[in-house]
Amino acid sequence: MFFNYMVALNPIAFVNALPSNIAQGLVWGVMALGLYITFRLLDFADLTVDGSLATGGAVTVMLTTSGCNVWVALLVATLAGMAAGLCTGVLHTRFGIPPILAGILTQIALFSVNLHILDGSNKAISVDKYALILSSRNVTAAIITGLIFCGVLIAIMYWYFGTEQGSAIRATGCNPAMSKAQGIDNDNMKLIALCLSNGLVAMSGGLLSQFQGFADVNMGRGAIVIGLAAIIIGEVFCDSVLGKKANFAMRLSFVVIGAIIYYVVIGIVIWLRMDPNDLKLFTAVIVAVFLAVPYLRAQQKNSFKMAGKKSALALKELEKQEKKEV
Amino acid sequence: MLKLHNIHKTFNLGTINEKVALNGVNLTLNEGDFVTVIGGNGAGKSTMLNAIAGVWPIDEGAILIDGVDVTGLPEHKRAQYLGRVFQDPMTGTTATMQIEENLALASRRGKKRGLSWGISAGEKKEYKEMLKMLDLGLEDRMTSKVGLLSGGQRQALTLLMATLQKPKLLLLDEHTAALDPKTATKVLELTDKIVAENNLTTIMITHNMRDAIAHGNRLIMMNEGNIVLDIGPEEKKKLTVEDLLQKFEDVSGQEFSSDKALLG
């Protein structure tokens, strides 16, 4: 039976699907870049993204199908995402709601908002009718477009987080007490970062809806986990390839590479005929493992169990010596 | 330069943990005053500094810095007038950012942070010279992450950051308490140097009576949320640790409780 299973796996099918996986990875790379702003730079686990990704997709599809230029539609989608980020930011900074809860509140509110935008639960958009920026119909072009998007965004982010304002955001995320003492308004920095982050996430949603040919109210479900997977996989690879030398632009590049790796891995498990229903479970396990490994490694070097073993050995030695002396 | 008028602050009002931390503090500092502050645990030393820095709003009273009423300003807005160094060396600097980035952040204290580059080439040269003055070898490690530095190095860097933009008032909250004695001495020497060079108005809290006597031109003692002793320049020159202990007993009716202050 195993033999039959192996024979039935067609390598060509995998190779054929690979470009599409890479293109999807690049589109999600934009999302992961956005998430990086909150998760890594601001130290804020922002669950808004599950909603704002779908908002971006919904706005792009609805505006484009109603005759709007697709670039303008994508811009408006990005602005809509920024508004969503602002909501979370206001809930957190002005009303004192903890970060995770503030994100969940916006996310759940966006579900209704997205249903209204889509006027239903999903809406198709055909590349035959509209001049879309990218589409799964032409994967090579989609990969090139995705590369350009990620490249430009990385350049912009590299510039922005080197400016006075961007540095202030990083300081807020790393040491809020210090940044306050240096006259930085932490609350405003959080608002700006949440806006920028969700803007990128919505832009990614806009690109994704074009790539897959539809927007769906559920398209953002679990987005944060996919984004985290991209960030964490990218960081692990970055550290093993470049070590501590990696600068900010390289780290961002590896976040995008992480997203691509993630979708290639997903391509592999689908090729191995994993039940698609199990994909989210699989993603969660991957992220949990990648998050747990550094922790467990540190624990291994510094655990009570280890200390106990060493002390037992030392005591045995001591006993031996005492017996000899007697 | 600084005027505290009748400052009151009570924590956890109306609960079982109610604590009157500041009970009508009055203090006036002239330009160039370097005041050391001593007092037992819970006397209100750090609370007074936090009140000045605007960590939380005070209940009553007024705080004036250089004639400006700052009582209603939040912490980040008061920062334009203040340089601060904290007890914990981790608090004053950002670990994941480079030494020069930390300095650049500090040099923009109180200014608008726009979209120009966070650090200019000219600044880098300037910082290099300043770091040389610290004599810790940091001038060759400008792009190292601050997290790699020792506590003493971080405290010295924080001190430099606090004074990069000349502050109206420098607040030092037991900034050498977490350091080993040798490093503490070095940071204190550096403090004296920077304060003297810039003629900074300074408040320094310390647990160490000898340091309190050796540094600055004025000494105040706090007890139960108020200033109970204010010693001016002339008297301070003749002051000994024994005098101080005696005075503490006289005003508080109890023996000085901190061993650290006696042994240090």
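Since this is a predicted model, take the numbers as computed values, not measurements.

Rules used in this analysis
- Every chain is numbered independently, its residues counted from 1 as its sequence is written.
- In the order they appear in the text, chains get letters beginning with A and ligands get numbers beginning with 1.
- Note on the predicted model: pLDDT of at least 70 is required for a residue's local features to be given, and 80 or more for side-chain atom pairs to be given and counted; whole-chain, interface and lining totals, by contrast, use all residues.
- Each side-chain value is derived from all of the structure's non-hydrogen atoms; neither hydrogens nor water enter the calculation.
- The numbering of helices and of strands both runs from the N terminus, where a helix is a DSSP run of H or I of at least 4 residues and a strand a run of E of at least 2.
- For every residue, the accessible area obtained with a 1.4 Å probe (protein chains only) is divided by the maximum for its type, and the residue is called buried under 20%, exposed over 50%, and partly exposed between those limits.
- What makes two residues a contact is simply this: any of their non-hydrogen atoms within 4.5 Å.
- All accessible-area figures derive from a Shrake-Rupley calculation using a 1.4 Å probe, and residue coverage is judged against the displayed protein chains alone.
- We treat Lys and Arg as the positive residues and Asp and Glu as the negative residues; His and chain ends play no part in the count.
- Think of each charge as sitting on NZ of Lys, CZ of Arg, CG of Asp or CD of Glu.
- Buried surface area refers to the total accessible area, computed with a probe of radius 1.4 Å, that the two partners give up upon joining, counted for both partners together.
- Criterion for a salt bridge: a side-chain nitrogen of Lys or Arg within 4 Å of a carboxyl oxygen of Asp or Glu.
- Distance and chemistry together define a polar contact, namely a pair of N or O atoms within 3.5 Å, with one atom able to donate a hydrogen and the other to accept it when in protein, and with adjacent residues in sequence counting only for side-chain atoms on both sides.
- Each residue is assigned to one class: nonpolar for Ala, Val, Leu, Ile, Met, Phe, Trp, Tyr, Cys and Pro, charged for Asp, Glu, Lys and Arg, and polar for all the others, Gly among them.
- pLDDT is a per-residue confidence score from the predictor, ranging from 0 to 100.
- Following DSSP output, two strands are said to pair if at least two bridges run between them.
- Angles shown run from 0 to 180 degrees and are taken between the N-to-C directions of axes, each axis being a line fitted to C-alpha atoms and, for helices, limited to the stretch in contact.
- To define a nonpolar core, start from buried Ala, Val, Leu, Ile, Met, Phe, Trp, Tyr and Cys residues and group those joined through side-chain atoms within 4.5 Å.
- Note on aromatic pairs: the rings of Phe, Tyr and Trp (six-membered ring only in Trp) are paired at centre separations within 6.5 Å, and the planes decide the class, stacked below 30 degrees, edge-to-face beyond 60, tilted for the rest.

K.L.:
What is the right way to read the overall build of chain B from this model?
P.N.:
Scanning chain B for helices and strands turns up ten helices and ten strands. Taken along its principal axes, the extent of the C-alpha atoms in chain B is 55 × 40 × 35 Å. Taken across its 264 residues, chain B has 53% of its residues classed as buried. Counting contacts in chain B only where the partners sit at least 6 residues apart, residues at least 24 apart contribute 67% of the total. Of the roughly 11700 Å² of accessible surface on chain B, 49% is carried by carbon and sulfur atoms. Here chain B holds 31 positive side-chain charges and 34 negative ones, and the gap between their average locations is 8 Å.

K.L.:
Just to check I follow, could you spell out the interface of chain A and chain B for this structure?
P.N.:
Interfaces are often sized by the amount of accessible area the parts lose when they come together. Between chain A and chain B, the residue contacts involve 21 residues of the former and 28 residues of the latter. Of the roughly 2100 Å² buried where chain A meets chain B, counting both sides, 59% is carbon and sulfur surface. Among the residues of chain A in contact with chain B, Glu164, Met178 and Gln182 of chain A are the three that bury the most area, contributing 32% of the side total. For the interface between chain A and chain B, the tally reads three salt bridges. Residue Glu75 of chain B is joined to Lys180 of chain A by a salt bridge in which the shortest nitrogen-to-oxygen separation is 3.6 Å. Between chain A and chain B we count eleven residue pairs in polar contact (both at pLDDT 80 or more) in total. Put simply, the parts of the chain that give the side of chain A that touches chain B at least two residues each are helix H6 (139–160), helix H7 (164–174) and helix H8 (176–181) of chain A. The element that contributes the greatest number of residues to the side of chain A that touches chain B is H7 of chain A, accounting for seven residues. A breakdown of the residues in the side of chain A that touches chain B according to their chemical character gives ten nonpolar, seven polar and four charged.

K.L.:
Just checking my understanding: could you explain the confidence of the model for chain B for this structure?
P.N.:
Interpreting fine coordinate detail is not advised for predicted regions of low pLDDT. Across chain B, the average pLDDT comes to 91, with 95% of residues at 70 or higher. Within chain B, the lowest mean pLDDT, 49, falls on helix H10 (residues 259–263) of chain B, and the highest, 97, falls on strand S8 (residues 202–205) of chain B.

K.L.:
Help me understand the sheet that holds strand S10 (residues 226–231) of chain B in this model?
P.N.:
Sheet strands pair via backbone hydrogen bonds, and the direction of the pair is either parallel or antiparallel. Residue and element names in this part refer to chain B. Strand order in this open sheet of six strands is S6-S7-S8-S3-S9-S10, and the pairing throughout is mixed. On the outer flanks of this sheet lie strand S6 (82–85) and S10, each paired with one strand and no other. On average, adjacent strands in this sheet sit at an angle of 20 degrees to one another, irrespective of strand direction. Sheet topology note: the strand S3 (residues 34–39)/S8 ladder contains four bridges and is parallel. Bridging across to S8, Val35 finds its partner in Ile203. Strand contacts of helix H5 (residues 151–164): S6 and strand S7 (169–173), with the helix running at about 175 degrees to S6, the strand carrying the most contacts.

K.L.:
Would you mind showing me how to read the nonpolar core here?
P.N.:
If you look at soluble globular proteins, the nonpolar side chains tend to sit buried side by side. Of all hydrophobic cores here, the largest spans 109 residues; its most connected members are Leu33 of chain A together with Leu103 and Leu131 of chain B. The dominant element in this core, judged by the number of residues it contributes, is helix H2 (residues 11–42) of chain A, at 13 residues. For Leu103 of chain B, the contacting residues outside a window of four places in its chain are Tyr127, Leu131, Leu157, Leu160, Met161 and Leu164 of chain B. Counting residues in hydrophobic clusters, the runner-up holds 29 residues, among them Ala51, Ile52, Ile205 and Ile227 of chain B.

K.L.:
Help me out: how do you make sense of the pairing of strand S9 (residues 218–223) of chain B in this one?
P.N.:
A regular strand carries its side chains on alternate faces of the sheet. All names here are of chain B. Burial runs high along S9: six of the six residues are buried. On S9, burial covers both faces: Arg218, Ile220 and Met222 on one face and Leu219, Met221 and Asn223 on the other are all buried. Direction of pairing for S3 relative to S9: parallel, over a ladder of five bridges. Bridge pairing in S9 places Thr36 opposite Leu219. Following S9, the chain reverses through two residues before pairing antiparallel with S10; Glu224 in that reversal takes a positive phi of roughly 50 degrees.

K.L.:
I keep staring at the sheet that holds strand S1 (residues 2–11) of chain B and nothing clicks. Help me out?
P.N.:
All names here are of chain B. Read across the sheet, four strands follow the order S2-S1-S4-S5 without closing on themselves; strand pairing throughout is antiparallel. Bordering the open sheet on either side are strand S2 (19–29) and strand S5 (68–69), each of which pairs with just one other strand. For strand S4 (residues 60–65) and S5, the ladder comprises two bridges, and the chain directions are antiparallel. Considered in S5, the bridge of Ile65 is made with Val68. Where helix H1 (residues 45–53) meets the sheet, its contacts fall on S1, S2 and S4, and the angle it forms with S2 comes to roughly 65 degrees.

K.L.:
Honestly, the packing of aromatic side chains in this entry has me stumped. Any pointers?
P.N.:
For any pair of aromatic rings, the description rests on two quantities: the centre-to-centre distance and the angle between the ring planes. All names here are of chain A. For the coordinates displayed, the defined rule picks out nine aromatic pairs over all chains. Relative to Phe248, the ring of Tyr36 has its centre 6.3 Å away and its plane inclined at 50 degrees; by these criteria the two rings are tilted. Of this pair, Tyr36 sits in helix H2 while Phe248 sits in helix H11 (residues 248–271); the two residues are 212 residues apart in sequence, bridging distant segments of the chain. For the pair Tyr36 and Phe248, a shared accessibility class is recorded, and that class is buried. Ring geometry for Phe161 against Phe248: centres 6.1 Å apart, planes inclined by 75 degrees, an arrangement best described as edge-to-face. Residue Phe161 is located in the loop between H6 and H7, and its partner Phe248 is located in helix H11; the two are separated by 87 residues in the primary sequence.

K.L.:
Explanation requested: the confidence of the model for chain A in the structure shown.
P.N.:
With 100% of its residues at a pLDDT of 70 or more, chain A shows a mean pLDDT of 93. The element-level mean pLDDT for chain A is lowest in helix H1 (residues 2–8) of chain A, coming to 74, with helix H4 (residues 70–93) of chain A highest at 98.

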